[in-house]
Amino acid sequence: METIEQGLARAIALLNAGQLEPAESCVQTLLARDGAHPALHQLMAVLREREQRWDEARAHIARSLAARPEHVPSLMIAARIAQASGDAHGLRAALQQVLRVQPNAPDTWFALSLACHALHERDAEAQALQRTLALQPDHVEANVNLGVVAQERGDLGAAMACYGRAYRARNDSFGRIANALCSERSGALWLDLDALRDALRVA
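Source: prediction; values computed, not measured. (Residues numbered from 1 in each chain as written. Predicted model: local features only at pLDDT ≥ 70, side-chain atom pairs only at ≥ 80, totals over all residues. Heavy atoms only, no water.)

Enquirer: Sorry, what's going on with the layout of surface pockets here?
Expert: The method is simple in principle: a probe with the dimensions of a water molecule rolls over the atoms, and the space it marks as empty is what remains. Considered as a void within the structure, the largest pocket measures approximately 150 Å³ in volume. Residue lining of the largest pocket: Met-76, Ala-79, Arg-80, Gln-83, Leu-91, Leu-95, Asp-107, Thr-108, Ala-111 and Leu-114, and that is the complete set. If you list the elements that add at least two residues to the lining of the largest pocket, you get helix H5 (72–84), helix H6 (88–101) and helix H7 (106–118). (1 Å grid on protein atoms, 1.4 Å probe; cavity = no way out; pocket = protein on both sides within 12 Å on 5 of 7 lines; lining within 4 Å. Points joined across faces, edges and corners; volume = space filled by probe spheres on them. Helix = DSSP H or I, 4+ residues; strand = E, 2+ residues; numbered from the N terminus.)

Okay, structure coming up:
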């Protein structure tokens, strides 16, 4: 009889080959032998995610994380399930747990800022964006989004500083910056786009 680890490897190979039903059958057989094995629940969560059976996917990844709460791959699966199923609170919680384990991951801080934005938590969004930029100062999307937050707060000077950093890092951010400047409550309408580009170069 194959070991749990051998069966798990076979199930992963089946999943990677797109053979979802054989992979699920293999995992179910293994779970009948060891119903608490965290890697089996992790893999079953992925299978249920593929089928968009969100409640079952969440239940399996929760079982996996109960046994190893700081296992980053499982936490990222929990975040992915939450995002795909429209669970913004679950997404925020999973990302926060990832950051407790890996506090220096700018992409995760940025993902957390987006989750906070979806929840209309502007202070938490700004804090996550600031952490992103502390770790990666040239993160274009974080600079643009922090500029938008500054505009919402009525601080056009701070917004322009953020937009300037974004534009200097990647000039294809110009369209979104120009749109934000004329869309938010506190902004400016630039009729001369070349003048706006010049302002961003020195902001």
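Moving on from the model shown.
Enquirer: Is there a simple way to explain the nonpolar core in this structure?
Expert: The tendency in soluble globular proteins is for nonpolar side chains to be buried as a group. In this structure, Val-27, Leu-40, Ile-61 and Leu-112 are the most contacted members of the largest nonpolar core, which totals 37 residues. Of all the elements in the fold, those that place two or more residues in this core are helix H1 (4–16), helix H2 (20–33), helix H3 (38–50), helix H4 (54–67), H5, H6 and H7. Leave out the neighbours within four places in its chain, and Leu-40 touches Ile-4, Leu-8, Val-27, Leu-30, Leu-31 and Asp-34. Within the second largest apolar cluster, 17 residues are counted, among which are Tyr-167, Leu-181, Ala-199 and Leu-200. (Core = buried A, V, L, I, M, F, W, Y, C linked by side-chain atoms within 4.5 Å. Buried < 20%, exposed > 50% of the residue type's maximum accessible area, 1.4 Å probe, protein only. Contact = heavy atoms within 4.5 Å.)

Enquirer: Which parts of the structure should I look at to understand the packing of aromatic side chains?
Expert: For any pair of aromatic rings, the description consists of the separation of the ring centres together with the inter-plane angle of the planes. Under the criterion given, the structure shown has one aromatic pair. The ring of Phe-174 carries Arg-197 above its face, with NZ or CZ at 4.1 Å from the centroid. (Phe/Tyr/Trp six-rings, centres within 6.5 Å; stacked < 30°, edge-to-face > 60°. Lys NZ or Arg CZ within 6 Å of the ring centre and 35° of its normal.)

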